[in-house]
Amino acid sequence: MAATFLVLSLSSGAIAATVTNAGSGAVVLVVVENGNRMEVSIDAGSSEQICPSGCFVTLPNGDRVGLEGGETVEIKDGAATIR
């Protein structure tokens, strides 16, 4: 059973969205995933993986976007480009 959990954890991490902060200062994202709200801080020039099972993200400029996992998101000046 532990091996199954490990495989599922590793595979779910592989499809997480990657968020890169291309701005000059740290940004804070509000992430709601599976009904749980958390704040994710990303330093300038850094990247984080979030939302392996889909989520809603509120960006620094107030926009709210839905992510399924697997997207590449670049944040600059509070706005996001999603690929």
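Please read these numbers as outputs of a predicted model, since none were measured by experiment. (Residues numbered from 1 in each chain as written. Predicted model: local features only at pLDDT ≥ 70, side-chain atom pairs only at ≥ 80, totals over all residues. Heavy atoms only, no water.)

1. With respect to empty space enclosed by the protein
Enumeration over the complete set of coordinates arrives at one cavity of 30 Å³ or more. One number sums up the size of the largest cavity: a volume of about 40 Å³. Lining of the largest cavity is provided by Val19, Leu29, Ile50, Val57, Leu59, Val65, Leu67, Val73 and Ile75. Those elements that place two or more of their residues in the lining of the largest cavity are strand E6 (64-67) and strand E7 (72-76). (1 Å grid on protein atoms, 1.4 Å probe; cavity = no way out; pocket = protein on both sides within 12 Å on 5 of 7 lines; lining within 4 Å. Points joined across faces, edges and corners; volume = space filled by probe spheres on them. Helix = DSSP H or I, 4+ residues; strand = E, 2+ residues; numbered from the N terminus.)

2. Considering the pattern of salt bridges
For the coordinates displayed, the defined rule picks out one salt bridge. As a salt-bridge pair, Arg37 and Glu39 come within 3.9 Å of each other at their nearest N and O atoms. Classification of Glu39 as exposed rests on a relative accessible area of 55%. (Salt bridge = Lys/Arg side-chain N within 4 Å of Asp/Glu carboxyl O. Buried < 20%, exposed > 50% of the residue type's maximum accessible area, 1.4 Å probe, protein only.)

3. Description of the sheet that holds strand E4 (residues 47-50)
Strand pairs in the sheet, formed through backbone hydrogen bonds, run parallel or antiparallel to each other. If you walk across this open sheet you meet the four strands as E4-E1-E7-E8, and the pairing is mixed. Of all strands in the sheet, those with a lone pairing partner are E4 and strand E8 (79-82), marking the two edges. Averaged over all adjacent pairs, the angle separating strand axes in this sheet is 25 degrees, with direction ignored. Alignment of E7 against E8, held across four bridges, turns out to be antiparallel. Within E8, the position partnered with Val73 by the bridge is Ile82. (Pairing = 2+ DSSP bridges. Axes fitted to C-alpha atoms, helices over the stretch in contact; angles between N-to-C directions.)

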